[in-house]
Amino acid sequence: MANTPLAVLDLVPISSGSTASQALRNSIDLARQAELFGYARYWFAEHHLNPGVAGTSPAVVLALTAAATSTIRLGAGAVQLGHRTALSTVEEFGLLDALHPGRFDLGLGRSGGRPSPASRQPALAGPAAVVDGRTSNGLRIPAKFSFEHLLGSPRFALQKTLLQLPGAQSQPYDEQIADVLALLAGTYATADGVEAHVVPGEGAELQVWILGSSAGISAEVAGARGLRFAANYHVSPATVLEAAEAYRAAFVPSAELSRPYVSVSADVVVAADEPTARELATGYGLWVRSIRTAEGAIPFPTPDEARAHTWTKEDLALVEDRVDTQFVGSPQQVADQLETLRDATGADELIITTVTHDHADRVASYALLAEEWSRR
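Residue indices begin from 1 for each chain and proceed along its sequence in written order. With pLDDT at 70 or above as the cut-off, local features in this predicted model cover only qualifying residues; side-chain atom pairs require 80 or more to be listed or tallied, and sums for whole chains, interfaces and linings still use all residues. Here the side-chain values reflect all heavy atoms present in the structure, with hydrogen atoms and water set aside.

## As for the pattern of salt bridges
Stated formally: The term salt bridge refers to a side-chain nitrogen of Lys or Arg lying within 4 Å of a carboxyl oxygen of Asp or Glu. Strands here are runs of E lasting at least two residues and helices are runs of H or I lasting at least four, both read from the DSSP assignment and numbered beginning at the N terminus. Exposure classes here rest on a 1.4 Å probe applied to the protein chains alone. A residue is buried below 20% of its type maximum, exposed above 50%, and partly exposed in between.
Applying the stated criterion across every chain yields a total of 22 salt bridges. The closest approach of N and O atoms between Glu242 and Lys144, which form a salt bridge, is 3.3 Å. On the criterion of sequence distance, the pair formed by Glu242 in helix H8 (residues 240-250) and Lys144 in the loop between strand E6 (134-135) and helix H4 (148-151) is long-range, its members being 98 residues apart. Its salt-bridge partner being Glu371, residue Arg375 comes within 3.5 Å of it at the nearest N-O pair. A relative accessible area of 53% places Arg375 in the exposed class. By relative accessible area, which is 42% here, Glu371 ends up partly exposed. Connected through salt bridges with shared partners, the residues Asp336, Glu339, Glu371, Glu372, Arg375 and Arg376 form a single ionic network.

Written out as structure tokens, the structure is:
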């Protein structure tokens, strides 16, 4: 078990009654603690226009966190390329690497970009068999959730308007990844031979990751380029198996990797016993509801605030897949569930994301899990 590393994914959540400033301080403290607990890497997500999430700029938060830690790998999970250029991304992470060489992961996501083109992959044999919503080893695989209402929401349109320059269009994702890799390698040149060399950035000691939720272009590009791939069980549990399989099916060995390398994420809350963990996780459903109604993530509620919400059938349907696949319990219970997730997906690494109202409970959750994991 010790050979399966655990990593952290942090959204820099803001708790109800708190502030973005405190959330940032909490995240930097958690990164320090995670380094002591033995977590392999610490990633920051990128989200915008959310009242309850302060992680708007991974590169900025990474710079602050690198100064406060010394050994743990740090990274973006992920930079949203839909509103960025390859050059700006390589420049930012080149600056980080220049001061803290060899410590950063450049995780690249497609959010906000062009609609995904039709898959170019040959037909796959199909993911592990799922019967009555579970794999053969018991992993919960719920029905697919449709994100169409989110993509068509006024808030999503506003976010795209504010993030992109007027009239700008996202570069095709596969071309954007190719440009990032060429700029890092120092091989970028236009069709007529004009070269571009990024200083700092060219030759940076970055691990490049692709993040994806389905068997689409992200999985294809990661495999075809021989890059590491992170599959999102915590965001889209219904499609994690097909995402991992599509990546492996497309994989071509590279100078970076001789074999596929997959990390899989999970939402987790650990406490000394299951009732305590369930109490700490009470606000999770309401928080997910705010995201899936396109309101934007609310400040994470207290258990009492969450219990005061009157749930409708529509609300429950919005969050069911996420609540059903959150791992909540004692250290032993959650570690068992993570083993199941690892074995069902063939994960080489697991990414743990934990949100509780109180910072001390979040730190304790990561501490208890790390201690239990180290014994297996």
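## Things to note about helix H6 (residues 173-185)
The line we're drawing: How far a helix is expected to stretch is found by multiplying one less than its residue total by 1.5 Å. Two residues form a contact once any of their heavy atoms are found within 4.5 Å.
The end-to-end C-alpha distance of H6 is 18 Å, a good match for the 18 Å that 13 residues give at a rise of 1.5 Å each. What H6 keeps buried is the set Tyr173, Gln176, Ile177, Asp179, Val180, Ala182, Leu183 and Leu184. Structurally, H6 contributes buried residues whose contacts are with helix H3 (86-99), strand E4 (104-109), strand E7 (207-212) and helix H7 (217-224).

## A few points about the packing of aromatic side chains
Which entries qualify depends on this criterion: Any Phe, Tyr or Trp ring, taking Trp's six-membered ring, that has another such ring centre within 6.5 Å forms a pair; planes under 30 degrees apart are called stacked, those over 60 apart edge-to-face, and the others tilted. We call a charge positioned above a ring when the Lys NZ or Arg CZ atom is no farther than 6 Å from the ring centre and deviates by at most 35 degrees from the ring normal.
A complete count under the given rule lists ten aromatic pairs for this structure. Their ring planes at 55 degrees and their centres at 5.2 Å tell us that Tyr42 and Phe44 sit as a pair that is tilted. Of the two residues, Tyr42 and Phe44, neither departs from the other in class, the shared state being buried. Consider the rings of Trp43 and Trp209, whose centres lie 5.1 Å apart with planes at 80 degrees: the pair is edge-to-face. Here the residue Trp43 occupies a position in strand E2 (residues 41-44), and Trp209 occupies one in strand E7, the gap between them amounting to 166 residues. Judged by relative accessible area, which is 0%, Trp209 ranks as buried. Linked through ring pairs, Trp43, Trp209 and Tyr261 together constitute an aromatic cluster. A cation sits over an aromatic face here: Arg228 above Tyr261, 5.9 Å from the ring centre. Across from the ring centre of Phe145, 3.7 Å away, lies the NZ or CZ of Arg292, which sits over that ring.

## Notes on the packing of helix H13 (residues 331-345) against helix H14 (residues 359-374)
Just so we agree on the cut-off: Lines fitted to the C-alpha atoms define the axes, with helices restricted to the stretch that makes contact. Angles between their N-to-C directions range from 0 to 180 degrees. Working definition: roughly parallel below 35 degrees, roughly antiparallel above 145 degrees, roughly perpendicular at 65 to 115 degrees, and oblique for all remaining angles. Left-handed describes a crossing whose near helix is turned anticlockwise from the far helix through less than a right angle; right-handed describes the clockwise counterpart.
Closest axis-to-axis distance for the H13/H14 pair is 9 Å, and the angle between their directions is 65 degrees. By the angle between their directions, the pair H13 and H14 is classed as roughly perpendicular. In this structure, H13 crosses over H14, and the sense of that crossing is right-handed. Residues Pro331, Gln332, Val334, Ala335, Leu338 and Glu339 of H13 pack against Leu368, Leu369, Glu372 and Trp373 of H14.

## Let's talk about a nonpolar patch on the surface
Condition: Two distance rules govern patches: like charges are joined within 9 Å, and nonpolar side chains (Val, Leu, Ile, Met, Phe, Trp, Tyr) within 5 Å, applied only to residues with over 30% relative accessible area and no salt bridge. Where accessible areas are quoted, they stem from the Shrake-Rupley method and a 1.4 Å probe; at the residue level, only the protein chains shown are allowed to cover.
A cluster of nonpolar side chains, contributed by Leu49, Leu158 and Leu162, occupies part of the molecular surface with about 290 Å² of accessible area. Tracing the backbone through its elements, the reader meets Leu158 in helix H5 (residues 154-163). On the accessibility criterion, Leu158 (43% relative accessible area) is partly exposed.

## Looking at the environment of Phe229
Secondary-structure assignment places Phe229 in strand E8 (residues 228-231). Considered as a pair, Phe229 and Gln326 are 97 residues apart in the sequence and their alpha carbons are 21 Å apart.

## A word on the pairing of strand E3 (residues 73-80)
Rules: Strands are labelled as partners when DSSP assigns at least two bridges between them. Classification remark: right-handed applies to a crossover when, strands pointing away from the viewer, the course from the first strand over the helix to the second runs clockwise.
The element E3 is largely enclosed, with a buried count of eight among its eight residues. As defined by bridge partners, E2 adjoins E3 across four bridges and the pair is classed as parallel. Among the inter-strand pairings, Trp43 is bridged to a residue of E3, identified as Gly75. With helix H2 (residues 58-68) bridging E2 and the parallel E3, this β-α-β connection has right-handed handedness. Here E3 runs beside E4; their pairing, made up of five bridges, is parallel. By the bridge assignment for E4, Gly75 is matched with Asp105. Each parallel crossover has a hand, and for E3 linked through H3 to E4 it is right-handed.

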